[in-house]
Structures are given as C-alpha cells and as structure tokens.
Amino acid sequence: MNIRKTPGDHLYAVAVRDASELWLVLWVRHSARGEYFVFHPHNERPADWHLSYHKDGRVHSKNYGHKMASPFFPKRQPLTAEFRGSESLITIGGYAPKTLGAICALEDFTGVVELGPRVLGPKHGQIAVDLVEPGFVLPRRLDNEAARALFTEPNPNVLIRVFQ
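Residues numbered from 1 in each chain as written. Predicted model: local features only at pLDDT ≥ 70, side-chain atom pairs only at ≥ 80, totals over all residues. Heavy atoms only, no water.

1. Digging into the packing of aromatic side chains
This is how it is decided: Note on ring pairs: Phe, Tyr and Trp rings are taken, using the six-membered ring of Trp, and paired if centres are within 6.5 Å. Classes follow the plane angle, with under 30 degrees stacked, over 60 edge-to-face and the rest tilted. The numbering of helices and of strands both runs from the N terminus, where a helix is a DSSP run of H or I of at least 4 residues and a strand a run of E of at least 2. Only protein chains enter the calculation, and the probe is 1.4 Å; a residue is then buried if its accessible area is under 20% of its type maximum, exposed if over 50%, and partly exposed in between.
Under the definition given, this model contains 3 aromatic pairs. Relative to Phe-39, the ring of Trp-27 has its centre 5.3 Å away and its plane inclined at 20°; by these criteria the two rings are stacked. Residue Trp-27 is located in strand β2 (residues 21-30), and its partner Phe-39 is located in strand β3 (residues 36-39); the two are separated by 12 residues in the primary sequence. One exposure class covers both Trp-27 and Phe-39, and it is buried. On the numbers, 6.3 Å between centres and 25° between planes, the contact of Phe-37 with Phe-39 is stacked. The burial state of Phe-37 is the same as that of Phe-39; both residues are buried. Ring pairs connect the aromatic residues Trp-27, Phe-37 and Phe-39, which therefore count as one cluster.

Spelled out as structure tokens, the structure:
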C-alpha cells in the first residue's frame, strides 16, 4: 500500500500479526487541516473507498468517485474546541487482510493497534473507530473487547476498539 503522509498528519493503523508479517487492516488519518479519514486496503481499481469527517461536521463515504452522504451520514458535531462527548467514525466487521497483501510498515504510522492472528477474520471480529473529547471515557461494551487504544495527539482524540 502506498500510504501518503504529509507534514502535520497523524496516521493510526489496525494490523494483524501473523508469524513475521504485519498485515494492514485499516488506517485513520487526522489531517493537518483537522479532518479525519478512514481507509482500508483493497484490490479493486479504480476504487478509492474512504470515509471522511469534515471540520463542519459533514460525514460521507466515497468510492469510485461517488459520494454517499445524507441520509446515510447525518451531519455531526463540528470539529471545533466545542466538541463534546464522542462521535462514531465507523464500525466495520470481519476482515481477511492476507488476501489483500497489504503489509503494514510501522514507520508509516503515528500509532498501530497490533492484533493476534485469530482476533479478526472473514466472518468474525469488529473494529470501532470513535472520536472522543479529551478526558471523555467511552464505556466498555459487553462484547469481548480484544483491544483498545486511545491516541491523544489530535483533538478530538481517536479511540480504536477491536472486538472478537
């Protein structure tokens, strides 16, 4: 994967460790402009799937150059100093990273949530990415939470949770 990081960006990855390889599952980009994007590796071209959360609170998903916005993605809190509580970016289930061949290069990322080989699979496991106000604690779900990482460089913070 060609991960593009520009000055001022923070990139956070979820990856699966299998023997000596680290397979990229998804990554979150907090841009220098203060916006958030979620990407995942794929084999399809010219697919360019990503989800974006813009400073004014607009959220949309884009693929093959087409936006999916409201009613699928209602406007949310603006990304300002008044941001309170939490907002969900995405919850995505199951994944087979080895089939895509996307190796995770640790040096490309500000932080990495590294999982064991049996946490996510084609039919099981879930990843939740949320934006949270600094100091806000998102309660644990009753599911089997396998990993939780809070990245505090951006404001709002990025919380990544993985469920088996």
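There is more to say, and it comes next.
2. Here's the deal with the pattern of salt bridges
Pairing between side chains of opposite charge can happen when their charged atoms approach one another. Our working definition: We count a salt bridge whenever a side-chain nitrogen from Lys or Arg sits within 4 Å of a carboxyl oxygen from Asp or Glu.
Per the stated rule, a full pass over the model turns up 7 salt bridges. Here Glu-133 ties to Arg-84 by a salt bridge, and the two come within 3.8 Å at their closest N and O atoms. Of the two residues, Glu-133 sits in the loop between β9 (126-132) and β10 (145-151) while Arg-84 sits in the loop between β6 (66-68) and β7 (86-93), which places them 49 residues apart along the sequence. Its relative accessible area of 47% is what places Arg-84 among the partly exposed residues. Taking the shortest distance from any N to any O, the salt bridge between Arg-161 and Asp-130 comes out at 2.8 Å. With Arg-161 in strand β11 (residues 157-163) and Asp-130 in strand β9, this residue pair connects regions lying 31 residues apart in the sequence. Here Arg-161 falls in the buried class, since its relative accessible area comes to 6%. Here Asp-130 falls in the buried class, since its relative accessible area comes to 5%.

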